[in-house]
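A look at the structure
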Amino acid sequence: DVKVTQSSRYLVKRTGEKVFLECVQDMDHENMFWYRQDPGLGLRLIYFSYDVKMKEKGDIPEGYSVSREKKERFSLILESASTNQTSMYLCASSLWDFEPTDTQYFGPGTRLTVL
Amino acid sequence: KNEVEQSPQNLTAQEGEFITINCSYSVGISALHWLQQHPGGGIVSLFMLSSGKKKHGRLIATINIQEKHSSLHITASHPRDSAVYICAVRSRRFGGGADGLTFGKGTHLIIQP
């Protein structure tokens, strides 16, 4: 079974803090993704990575950065957290997709509150 | 950018009813996913399809590429089917490479006993 784990289920931080969200997958997947999910907006892609040290901006990258130093780990960084970054953050991974019907496997999510 | 619309947004039904959730998208795609999210946040992939129909247990997913439309059906619905159902599309891209999905806002389904 594919397992995608995230470092925390719940996190509370203060405005201006630097926040690290960690995601680890154990299936040797090349692709990893960070999404945020907000009521009424659905899931939106922040960043994705298709290889170690490779990253691509998604739909809403502003205020975020990412790091992929090892294949199994993809980190999302909020350099200076703001209240509008309060959200549910979901990580996902998938195999390298030469085929169009790749499955993305999701982690359990981190609910981040910025005060 | 692909626009993904789901309907209805909310659906309450009685146990045993046949359920249909619809998904429309604006731009040609390479694949469409149906996902299920239970309270607590965990997301599970139900189907991926690029043409035709797929069936798994009481769940059936269909897609009409020409109409840019997909439906998710649940037969003999049960309270444990209560969840948010999310449609997501992977737009057609030139060449390979990873790409994130574009998601609909989800359909909140409640099945009452």
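Now for a description of the structure that goes with this document.

Definitions and limits used
Residues numbered from 1 in each chain as written. Chains lettered and ligands numbered in written order. Predicted model: local features only at pLDDT ≥ 70, side-chain atom pairs only at ≥ 80, totals over all residues. Heavy atoms only, no water. Helix = DSSP H or I, 4+ residues; strand = E, 2+ residues; numbered from the N terminus. Buried < 20%, exposed > 50% of the residue type's maximum accessible area, 1.4 Å probe, protein only. Contact = heavy atoms within 4.5 Å. Polar contact = N/O pair within 3.5 Å; in protein donor to acceptor, adjacent residues only side chain to side chain. Pairing = 2+ DSSP bridges. Axes fitted to C-alpha atoms, helices over the stretch in contact; angles between N-to-C directions. Disulfide = S-S within 2.5 Å. Salt bridge = Lys/Arg side-chain N within 4 Å of Asp/Glu carboxyl O.

**A few points about unusual backbone geometry**
All names here are of chain B. Across the junction of Ser 7 and Pro 8, the peptide omega takes the value -10°, indicating a cis bond. Here the phi dihedral of Lys 68 falls at roughly 55°; this positive angle occurs in a residue that is not glycine. By the element assignment, Lys 68 lies in the loop between strand S7 (59-64) and strand S8 (69-74). Despite not being glycine, Ala 76 has its phi angle at roughly 45°, a positive value. Topologically, Ala 76 is positioned in the loop between S8 and strand S9 (83-91).

**Some words on the environment of Arg68(A)**
Residue and element names in this part refer to chain A. Mapped onto the elements of the fold, Arg 68 is located in strand S7 (residues 65-70). A residue is classified by how much of its surface remains accessible, and Arg 68, at 3% relative accessible area, is buried. Distance from Arg 68 to Lys 53, taken between C-alpha atoms, is 5.1 Å for residues 15 residues apart in sequence. Contact partners of Arg 68, with chain neighbours within four places excluded, come to Gln 25, His 29, Glu 30, Asn 31, Met 32, Ser 49, Tyr 50, Asp 51, Val 52, Lys 53, Arg 73 and Phe 74. Looking at Arg 68, its side chain comes within polar contact range of the main-chain oxygen of Lys 71, at 2.6 Å.

**Details of the sheet that holds strand S1 (residues 4-6) of chain A**
Residue and element names in this part refer to chain A. Pairing within the open sheet is antiparallel, and its four strands lie in the order S1-S3-S8-S7. Either end of the sheet is taken by a strand with one partner, and the two such strands are S1 and S7. On average, each strand axis in the sheet is inclined to that of its neighbour by 20°, with strand direction left out of account. Pairing of S1 with strand S3 (residues 19-25), which is carried by three bridges, proceeds in the antiparallel orientation. From the neighbouring strand, Gln 6 faces S3, where its bridge partner is Cys 23.

**Structural notes on the state of the cysteines**
With the rule as written, the count across this model stands at two disulfides over all chains. Here Cys23(A) is linked by a disulfide to Cys91(A), with a sulfur-sulfur distance of 1.8 Å. Residues Cys23(A) and Cys91(A) are joined through a disulfide that is left-handed, its torsion about the S-S bond being -75°. Separated by 68 residues along the polypeptide, Cys23(A) in strand S3 and Cys91(A) in strand S9 (residues 87-94) bring together distant segments of the chain. A relative accessible area of 0% places Cys91(A) in the buried class. One disulfide in the model links Cys23(B) with Cys87(B); its S-S distance is 1.9 Å. One disulfide, between Cys23(B) and Cys87(B), carries an S-S torsion of -60° and so falls in the left-handed class. In this pair, Cys23(B) is assigned in strand S3 (residues 19-25) and Cys87(B) in strand S9, connecting sequence segments 64 residues apart. For the residue pair Cys23(B) and Cys87(B), the accessibility class agrees, reading buried in each case.

**Concerning the pattern of salt bridges**
Residues and elements named next belong to chain A. Summed over all chains, the structure comprises eight salt bridges over all chains. Of the charged contacts, one joins Glu 79 and Lys 18 as a salt bridge, the two residues approaching to 3.5 Å between their closest N and O atoms. Pair noted here: Glu 79 is in the loop between strand S8 (73-78) and S9 and Lys 18 is in the loop between strand S2 (10-13) and S3, with a separation of 61 residues, a long-range link. With relative accessibility at 44%, the residue Glu 79 sits in the partly exposed group. For Lys 18, a relative accessible area of 45% corresponds to the partly exposed category. We note a salt bridge from Glu 69 to Lys 53, for which the minimum N-O separation is 2.5 Å. Of this pair, Glu 69 sits in strand S7 while Lys 53 is found in the loop between strand S5 (42-51) and strand S6 (54-57), placing the two residues 16 residues apart along the sequence. We note that Glu 69, like Lys 53, is exposed. Via salt bridges that share partners, Asp 28, Glu 30 and Lys 71 belong to a single interconnected network.

That is the geometry; function is a separate question.
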